[in-house]
Amino acid sequence: MAIRWIRNVVIDGVKSTVEIQIGENTIGDKCYTRIDEETEVWFDNIYDTRNDIIAQGCDILKKRLEGKDVTYPDGQQYDWR
């Protein structure tokens, strides 16, 4: 059973989902980021805790979405923390 962090956001006016898998069986064993239904972008985690791996994944997503307007569904700017 995979362990995932999923958020619904709006990217440049389009409803979207961002996802971080932080483990397939245990925290940190298989990690990836994904935007909507795209192919997973795997990464080697450099941390051992759930919150740190999520922060690393958020940094990756934030860099991938640089230059795009990312908001919550209510229109407020998305907080990557």
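Here, the structure is the one placed above.
This report concerns the structure included in the present document. Not measured: the values here are computed from a predicted model. (Residues numbered from 1 in each chain as written. Predicted model: local features only at pLDDT ≥ 70, side-chain atom pairs only at ≥ 80, totals over all residues. Heavy atoms only, no water.)

**Structural notes on the pairing of strand β2 (residues 14-23)**
Part 1 of the argument: Across the 10 residues that make up β2, a large majority, seven, are buried.
Part 2 of the argument: Remark: two residues form the turn of the hairpin made by strand β1 (residues 3-11) and β2, two consecutive strands paired antiparallel; Asp 12 in that turn has positive phi of roughly 50°.
Part 3 of the argument: Two strands pair when backbone bridges link them, and β2 and strand β3 (residues 31-35) are joined in this way by four bridges, in the antiparallel orientation. Directly across from Gln 21, in β3, lies its bridge partner Tyr 32. (Buried < 20%, exposed > 50% of the residue type's maximum accessible area, 1.4 Å probe, protein only. Helix = DSSP H or I, 4+ residues; strand = E, 2+ residues; numbered from the N terminus. Pairing = 2+ DSSP bridges.)

**Here we look at the pattern of salt bridges**
Part 1 of the argument: Evaluated as defined, the whole model comprises seven salt bridges.
Part 2 of the argument: Across the pair Glu 24 and Lys 30 runs a salt bridge whose closest N-O atoms are separated by 3.0 Å.
Part 3 of the argument: Note that Arg 34 is salt-bridged to Glu 40, the shortest N-O span being 3.2 Å.
Part 4 of the argument: Assessed through its relative accessible area of 28%, Glu 40 is described here as partly exposed.
Part 5 of the argument: If you follow the salt bridges from partner to partner, you end up with Arg 4, Glu 19, Arg 34 and Glu 40 in one network. (Salt bridge = Lys/Arg side-chain N within 4 Å of Asp/Glu carboxyl O.)

**Some words on the nonpolar core**
Part 1 of the argument: In terms of nonpolar packing, the biggest core is built from 17 residues, with Trp 5, Val 18, Ile 20, Leu 61, Leu 65, Val 70 and Trp 80 touching the most fellow members.
Part 2 of the argument: Looking at this core, the element that brings in the most residues is helix α1 (residues 50-64), giving four residues.
Part 3 of the argument: Residues in contact with Leu 65, not counting those within four places in the same chain, are Ile 11, Val 18, Ile 35, Val 70 and Trp 80. (Core = buried A, V, L, I, M, F, W, Y, C linked by side-chain atoms within 4.5 Å. Contact = heavy atoms within 4.5 Å.)

**Points about the pairing of β1**
Part 1 of the argument: Here β1 pairs with β2 via nine bridges, running antiparallel. Note that in β2 the partner of Trp 5 across the bridge is Ile 20.
Part 2 of the argument: Pairing of β1 with strand β5 (residues 70-71) involves two bridges; the strand directions are antiparallel. Each bridged residue has a counterpart across the sheet, and for Ile 11 the counterpart in β5 is Val 70.

**Section: the sheet that holds β3**
Part 1 of the argument: Reading across from one edge, β4-β3-β2-β1-β5 is the order of the five strands in this open sheet, with antiparallel pairing throughout. Edge positions in the open sheet fall to β4 (41-43) and β5, since each of these has one partner strand only.
Part 2 of the argument: Each of β1, β2, β3 and β4 touches α1; the most contacted strand, β2, lies at about 140° to it. (Axes fitted to C-alpha atoms, helices over the stretch in contact; angles between N-to-C directions.)

Everything listed is a geometric property; what it means functionally is a separate question.
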